[in-house]
Amino acid sequence: MTYSIKKAAAAIIASSALLLAACGGGEEEAGTGSGSEDKKVLNVGTEATFAPFEFMDKGEVSGFDVDLLNAAAEEAGYEVDIQNTGWDAMLAGLQSGQLDIGMSGITITEERKETYDFSAPYFESVTMIAYKEGAEIASADDLKGKKVGVQNGTTGQFAAESIIGQNDSSISKYETAALMFQALQSGDVEAVVTDIAVAVEYAKSNPDAGVETITDEQFVPEFYGIAFPKGSEYKAEFDEALNALYENGTYAEIYEKWFEEEPDMEALKQAAQ
Ligand code: ARG
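What you see is a predicted model; the values in this text were computed from it and never measured.

Novice: So what's going on with the overall build of the protein chain? Residues and values would help.
Specialist: Along its length, the protein chain carries 11 helices and 15 strands. A total of 273 residues make up the protein chain; the buried ones form 47% of that total. Here the analysis covers contacts within the protein chain between residues at least 6 apart in sequence; of these, 72% occur between residues at least 24 apart.

In structure tokens:
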């Protein structure tokens, strides 16, 4: 509810920071400017229609993932160049090694671990169904026989398929989360299957859309990780950096900024075992 207020506040803070930076620019450069220039820039791909994790804000990728990755990179001594590559191109870029990092609310799964390396878990999620009021969906099984939208290649797709069946024509797959939500809005689909925080955020920021959300016990917790190409030299350094952010409170600060509650550090630690 207060998310957009927060966003506005963040924008004000950001612009005053810009002003300050502009005023003190000369000094800054003489002081710390040279050190940061030596930092290696890592190429990061994302699919930035996935608020509050990553979304475009005035031409810049913004969100929880962005803040967290920036903090981790800073801790590890790198700079990151985050590009809105899209989901499929991000995964392809990780496989070819053109990208150093994928940061996109990516769930760590056994299958993906065969192709990518993942950092320690940094966010707990679960599948959620969002539907238009009146769609008569009280549980996951009610998806059967309905037109369902998913983002292609995501755990939302896999969850929908586990209920409805693979390659079922009632499941429409969209390239981005935004296109999936548009299909819900236009009535092309009756429900979408996605990640809890994203469904909640969509319902909250589109109060007139008449969107309801439910989860279901058959959806099991999942955890997001930072993705790297297999064998990446950066994984260990980012694990260490994440751990530092967990210990020194920076992670909790970023979490509270975006989710307005305290993170469950125990759950993250347990998932890391
Ligand atoms: N967590 C889900 C998955 O890994 C969905 C991620 C989608 N991310 C995005 N930025 N669109 O499959």
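Now, onward.
Novice: Summarise the environment of Asp 67; cite the residues concerned and give the values.
Specialist: Within the element layout of this structure, Asp 67 appears in helix α3 (residues 64–76). A C-alpha to C-alpha distance of 9.3 Å links Asp 67 and Tyr 255, two positions 188 residues apart in sequence. Among all residues touching Asp 67, those that are not within four sequence positions of it are Ile 254, Lys 257 and Trp 258. Among the polar contacts listed, one links the side chain of Asp 67 to the side chain of Lys 257, at a separation of 2.5 Å.

Novice: Describe in detail the site of the ligand, supporting the description with residues and values.
Specialist: Around the ligand, the surrounding shell holds 14 residues, and the nearest of these are Glu 47, Gly 105, Arg 112, Thr 155 and Asp 195. Side-chain polar atom of Glu 47 to a nitrogen atom of the ligand: 2.8 Å apart, as the coordinates give it. In the environment of the ligand, a nitrogen atom lies 2.8 Å from a nitrogen or oxygen atom belonging to the side chain of Thr 107. Alone, the ligand offers 350 Å² of accessible surface; in the complex the protein occludes 99% of this. Counted by class, the shell around the ligand contains 4 nonpolar, 6 polar and 4 charged residues. Of the domains in this structure, domain 1 (9–124 + 224–272) and domain 2 (127–214) are the two that each give at least three residues to the shell around the ligand.

Novice: Kindly report on unusual backbone geometry, identifying the contributing residues and their values.
Specialist: Look at the link from Ala 51 to Pro 52: it is a cis peptide, with omega at 5 degrees. Position of Pro 52 relative to the elements: it lies in the loop between β2 (49–50) and β3 (54–57). Of note in this structure, Glu 260 is not a glycine but carries a positive phi near 55 degrees. Mapped onto the secondary structure, Glu 260 falls in the loop between α10 (250–259) and α11 (265–272). With relative accessibility at 39%, the residue Glu 260 sits in the partly exposed group.

Novice: Give a description of the side chain of Asp 239 that names residues and reports values.
Specialist: With respect to the helices, strands and loops of the structure, Asp 239 is situated in helix α9 (residues 234–247). Within the structure, Asp 239 has its side chain in polar contact with the side chain of Lys 235 (distance 2.6 Å).

Novice: Tell me about α10, residues and numbers included.
Specialist: An α-helical segment advances 3.6 residues per turn. Residues three or four places apart therefore align on the same side. Taken together, the buried positions of α10 are Tyr 251, Ile 254, Tyr 255, Trp 258 and Phe 259. Taken around the axis of α10, the buried residues stretch over an arc of 105 degrees, which confines them to a single face. Positioned one or two residues after α10, Glu 260 has a phi angle of 55 degrees, which is positive.

Novice: Residues and numbers for the nonpolar core, please.
Specialist: If you look at the biggest cluster of nonpolar residues, it comprises 55 residues, and the most contacted ones within it are Phe 64, Tyr 122 and Phe 238. At 7 residues, α3 tops the list of elements feeding residues into this core. Among the domains, domain 1 (9–124 + 224–272) and domain 2 (127–214) are the pair contributing at least three residues each to this core. Residues contacting Phe 238, with those up to four places away along its chain left out, are Leu 42, Leu 69, Ala 72, Ala 73, Ala 76, Tyr 78, Ile 101, Ile 226 and Phe 228.

Novice: I'd like a rundown of the environment of Pro 221, residues and numbers included.
Specialist: By the element assignment, Pro 221 lies in the loop between β13 (211–214) and β14 (222–224). Each C-alpha atom, one on Pro 221 and one on Ala 271, is 9.9 Å from the other, the two residues being 50 residues apart in sequence. If near-sequence neighbours (up to four positions away) are discounted, Pro 221 is found in contact with Glu 124, Ser 125 and Val 126.

Novice: Quick one: what's the story with the sheet that holds strand β11 (residues 171–174), residue by residue and with numbers?
Specialist: Across the sheet, which stays open at both edges, the 5 strands sit in the order β11-β10-β12-β9-β13 with mixed pairing between neighbours. Taken across any chain shown, the strands that pair with only one partner, and hence form the sheet edges, are β11 and β13. The average angle at which neighbouring strand axes cross in this sheet is 30 degrees, direction not considered. Where strand β9 (residues 127–132) meets strand β12 (residues 191–195), 5 bridges bridge the pair, whose relative direction is antiparallel. Across the sheet, the residue bridging to Met 128 is Thr 194, located in β12. Most of the contacts of helix α7 (residues 177–186) go to β12, to which it runs at about 150 degrees, and overall it touches β9, β10 (148–151), β11, β12 and β13.

Novice: Please provide a residue-by-residue account of a negative patch on the surface, values included.
Specialist: Residues Glu 74, Glu 75, Glu 233, Glu 237 and Glu 240 make up a contiguous surface patch of negative charge. When contributions to the negative patch are tallied by element, the ones reaching two or more residues are α3 and α9. One can find Glu 74 in helix α3. Under the relative-accessibility criterion, Glu 74 is labelled exposed at 56%.

Reading guide: rules and limits
- Residues numbered from 1 in each chain as written.
- Predicted model: local features only at pLDDT ≥ 70, side-chain atom pairs only at ≥ 80, totals over all residues.
- Heavy atoms only, no water.
- Helix = DSSP H or I, 4+ residues; strand = E, 2+ residues; numbered from the N terminus.
- Buried < 20%, exposed > 50% of the residue type's maximum accessible area, 1.4 Å probe, protein only.
- Contact = heavy atoms within 4.5 Å.
- Polar contact = N/O pair within 3.5 Å; in protein donor to acceptor, adjacent residues only side chain to side chain.
- Near = heavy atom within 4 Å.
- Areas by Shrake-Rupley, 256 points an atom, 1.4 Å probe, with all protein chains shown as cover.
- Nonpolar A, V, L, I, M, F, W, Y, C, P; charged D, E, K, R; others polar.
- Domains from an automatic or database assignment.
- Arc of directions from axis to C-beta.
- Core = buried A, V, L, I, M, F, W, Y, C linked by side-chain atoms within 4.5 Å.
- Pairing = 2+ DSSP bridges.
- Axes fitted to C-alpha atoms, helices over the stretch in contact; angles between N-to-C directions.
- Patch = residues over 30% accessible without salt bridge, like charges linked within 9 Å, V, L, I, M, F, W, Y side chains within 5 Å.
- Salt bridge = Lys/Arg side-chain N within 4 Å of Asp/Glu carboxyl O.
- Lys, Arg positive; Asp, Glu negative; His and termini not counted.
- Charge placed at Lys NZ, Arg CZ, Asp CG, Glu CD.

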